[in-house]
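Observations on chain architecture
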Amino acid sequence: MQVAEDVVIVGAGISGLTTALGLHRLGIRSLVLESFDSLRITGFALTTWTNAWKALDAIGLGDYLRQQHLTLLGNVVSSRISGLQTFEMSFKEKGKHGDHENRCVKRKLLLEALASELPSGTIRFSSKVVSIEESGYFKLVHLADGTILKAKVLVGCDGVNSVVAKWLGFKPPVFTGRSAVRGSAEFKSSHEFDPMFMQYFGNGVRSGTIPCDDKNVYWYFTWSPSSQEKELEENPAQLKRYMLSKLGKVSDEVRAVVENTDLDAFISSPLRYRHPWELLWGNISKGNVCVAGDALHPMTPDIGQGGCAALEDGVVLARCLGEALLKNRSQEIRDEGEQGKEEYKIIERGLNKYASERRWRSFDLISTAYVVGFIQEADGKIMTFLRDKFFSPILAGLLLKKADYDCGKLRSS
């Protein structure tokens, strides 16, 4: 069965749903394909920096999500070796684009908020893409159930194992040799944590805790596991014991967060990223096809910008694609052949504009995250001394510097 669609978005994650909602706000319908049978709520939470709130405001969700989460006041960095604080930074200072704001947003709430604003039927679940082929000015998207979608525009928001990115010629993301455990602890009554982003470095481990609201605390633990330690990922109970033994000199409150986390409330995954230079000559867009989110810029979590950049992508893509599609609607109708050719060219220019806007931003974020993670997780006496005495303020400053960015509104004017 072949079905015609104007815009097909593969993946109902942050970038896919943001793009769909942005287009909906502009009066443009899209179809979002999700291979799972429901929204995928993995990762538990994400840090949302100033740039993310600019994007959320652009699609009309900022105020709703602000009401659900605590405003973080600053960043405190401590040594896991000595237990001493090495740096503290306030988030209250102004940036080029206004006041900084940072919260730790529950992924479930974010995805549900995005999905709830979309028209019924926008998301098609249990729809796995198996192949893509060209058909004139259209792309034929083949699904596992035998359905074929004839799309004027194809957007790949299908994550690190993106089928669309592969079609565009991107290589699979590479492993960094590091792994991350992310979890969330829910307290029966209000926790005692200040609204601060707490980070701990030393002995090759990077960890942190961030309160989401009055009862939930998000935490993470990254390290470079040996081959034997990798096997712990298959046994949550053993992995939890291992993390507790490696936390170092942290407060009892921080240790209690990991201890109080249920075995099904944390996940472990290897960290992958795209070589940033691939973005300089790779096809972010090609004709009427493009990629966004982790399909475009998989990065390490060291500056907390993966989800934020996905929100940016969605707004910029909706704006550029929306301008193209609305311009095409306003043009005089010609014969079918000429109309299809002209429409394809307008869409292509819109996606090229999107790719141009996102290329260097993505390059910058991937590169910065990788370098920051390397320094924060580095072991050895010399690197520990340099990090604790000199690099801490620089690395912390990069968090605000990369967040001081405005992706713009949904409409250019």
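Report on the accompanying structure.

What counts, and at which threshold
- Residues numbered from 1 in each chain as written.
- Predicted model: local features only at pLDDT ≥ 70, side-chain atom pairs only at ≥ 80, totals over all residues.
- Heavy atoms only, no water.
- 1 Å grid on protein atoms, 1.4 Å probe; cavity = no way out; pocket = protein on both sides within 12 Å on 5 of 7 lines; lining within 4 Å.
- Points joined across faces, edges and corners; volume = space filled by probe spheres on them.
- Nonpolar A, V, L, I, M, F, W, Y, C, P; charged D, E, K, R; others polar.
- Phe/Tyr/Trp six-rings, centres within 6.5 Å; stacked < 30°, edge-to-face > 60°.
- Helix = DSSP H or I, 4+ residues; strand = E, 2+ residues; numbered from the N terminus.
- Buried < 20%, exposed > 50% of the residue type's maximum accessible area, 1.4 Å probe, protein only.
- Lys NZ or Arg CZ within 6 Å of the ring centre and 35° of its normal.
- Axes fitted to C-alpha atoms, helices over the stretch in contact; angles between N-to-C directions.
- Parallel < 35°, antiparallel > 145°, perpendicular 65-115°, else oblique.
- Left-handed = near helix turned anticlockwise from the far one by under 90°.
- Contact = heavy atoms within 4.5 Å.
- Pairing = 2+ DSSP bridges.
- Core = buried A, V, L, I, M, F, W, Y, C linked by side-chain atoms within 4.5 Å.
- Patch = residues over 30% accessible without salt bridge, like charges linked within 9 Å, V, L, I, M, F, W, Y side chains within 5 Å.
- Areas by Shrake-Rupley, 256 points an atom, 1.4 Å probe, with all protein chains shown as cover.
- Salt bridge = Lys/Arg side-chain N within 4 Å of Asp/Glu carboxyl O.
- Lys, Arg positive; Asp, Glu negative; His and termini not counted.
- Charge placed at Lys NZ, Arg CZ, Asp CG, Glu CD.
- Expected span 1.5 Å × (residues − 1).

Some details on the layout of surface pockets
Once rolled over the atoms, a probe with the size of a water molecule shows which space is left empty. One number sums up the size of the second largest pocket: a volume of about 280 Å³. Taken together, 14 residues form the lining of the second largest pocket, with Phe-44, Lys-106, Ser-184, Glu-186 and Asn-216 sitting closest to its centre. Grouping the amino acids of the lining of the second largest pocket by side-chain chemistry returns 5 nonpolar, 4 polar and 5 charged.

Focus on the packing of aromatic side chains
Summed over all chains, the structure comprises 8 aromatic pairs. Between Tyr-273 and Tyr-370, the aromatic rings sit 4.8 Å apart at their centres with planes inclined by 25 degrees, giving stacked as the arrangement. With Tyr-273 in strand β17 (residues 266-273) and Tyr-370 in helix α11 (residues 336-377), the pair connects residues that are 97 residues apart, well separated along the chain. Residue classification places Tyr-273 among the buried positions, given a relative accessible area of 10%. An aromatic cluster of at least three residues, connected via ring pairs, comprises Trp-49, Phe-91 and Phe-197. Over the ring of Phe-138 we find Lys-150; its NZ or CZ atom is 4.5 Å from the centre of that ring. Arg-361 extends its terminal NZ or CZ atom over the ring of Tyr-405, reaching a point 3.9 Å from the ring centre.

Digging into the packing of helix α1 (residues 14-25) against helix α4 (residues 107-116)
Packed helix pairs are specified by the crossing angle of their axes together with the interaxial distance, meaning the distance between the axes. Where α1 contacts α4, the two axes come as close as 9 Å, and the packing angle between them is 30 degrees. Of the possible angle classes, the one that applies to α1 and α4 is roughly parallel. Along this stretch, α1 crosses α4, giving a crossing that reads as left-handed. Here α1 contributes Ile-14, Leu-17, Thr-18 and Leu-21 to the contact with α4, which in turn contributes Arg-107, Leu-110, Leu-111, Leu-114 and Ala-115. Taken together, the residues of the contact of α1 with α4 sort by class into 7 nonpolar, 1 polar and 1 charged.

As for the pairing of strand β15 (residues 205-211)
Most of β15 is tucked away: 7 of the 7 residues are buried. Side chains Val-205, Ser-207, Thr-209 and Pro-211 project from β15 onto one buried face, and the interleaved Arg-206, Gly-208 and Ile-210 project onto a second face that is buried too. One ladder, built from 5 bridges, connects strand β14 (residues 196-202) with β15; its direction is antiparallel. Residue pairing across strands places Phe-201 opposite Arg-206, the latter belonging to β15. Hairpin geometry of β14 and β15 is characterised by an intervening segment of 2 residues between the two adjacent antiparallel strands and by a positive phi of about 55 degrees at Asn-203. As paired strands, β15 and strand β16 (residues 216-223) are joined by 7 bridges and run antiparallel to one another. For Val-205, the partnering residue across the bridge sits in β16 and is Trp-223.

Description of the nonpolar core
In terms of nonpolar packing, the biggest core is built from 97 residues, with Leu-17, Leu-33, Leu-321 and Tyr-354 touching the most fellow members. Setting aside chain neighbours within four positions, we find Leu-33 in contact with Val-8, Ile-9, Val-10, Gly-11, Ala-12, Arg-124, Ser-127, Val-129, Val-141, Leu-143 and Leu-149. Among the nonpolar cores identified, the runner-up in size contains 21 residues, and Val-181, Phe-193, Tyr-200 and Leu-247 belong to it.

What about unusual backbone geometry?
Non-glycine residue Ser-126 carries a positive phi angle of around 50 degrees. Mapped onto the elements of the fold, Ser-126 is located in the loop between β9 (123-124) and β10 (129-135). Even without glycine at this site, Asn-203 takes up a positive phi of about 55 degrees. Along the chain, the position of Asn-203 falls in the loop between β14 and β15. Looking at Asn-203, the relative accessible area reads 48%, which means it is partly exposed.

With respect to the sheet that holds β15
In space, the 7 strands of this open sheet follow the order β5-β4-β14-β15-β16-β13-β17, with mixed pairing throughout. Every interior strand has two partners, whereas the edge strands, β5 (85-90) and β17, have only one. Here the strands of the sheet are splayed against their neighbours by 15 degrees on average, with no regard to which way each runs. Each of β4 (74-79), β5 and β14 is contacted by helix α12 (residues 381-403), which is oriented at about 25 degrees to β5, the strand it contacts most.

Focus: a nonpolar patch on the surface
A cluster of nonpolar residues, Trp-277, Leu-280, Trp-281 and Trp-360, forms a patch on the protein surface that exposes about 520 Å² of accessible area. With respect to the element layout, Trp-360 can be found in helix α11. Taking the relative accessible area as the measure of exposure, Trp-360 reaches 55% and is therefore exposed.

Some words on a positive patch on the surface
Residues Lys-327, Lys-341, Lys-345 and Arg-349 make up a contiguous surface patch of positive charge. For the positive patch, the element with the most residues is α11, which contributes 3 residues. Looking at the element boundaries, Arg-349 is found in helix α11. Residue classification places Arg-349 among the partly exposed residues on the basis of a relative accessible area of 46%.

Structural notes on α1
Between the first and last C-alpha of α1 there are 16 Å, a value that for 12 residues agrees with the 16 Å anticipated at 1.5 Å per step. Most of α1 is tucked away, with 10 of its 12 residues classed as buried. Within α1, the full set of buried residues consists of Ile-14, Ser-15, Gly-16, Leu-17, Thr-18, Thr-19, Ala-20, Leu-21, Gly-22 and Leu-23. Gly-27 sits one or two positions beyond α1 and adopts a positive phi of about 85 degrees.

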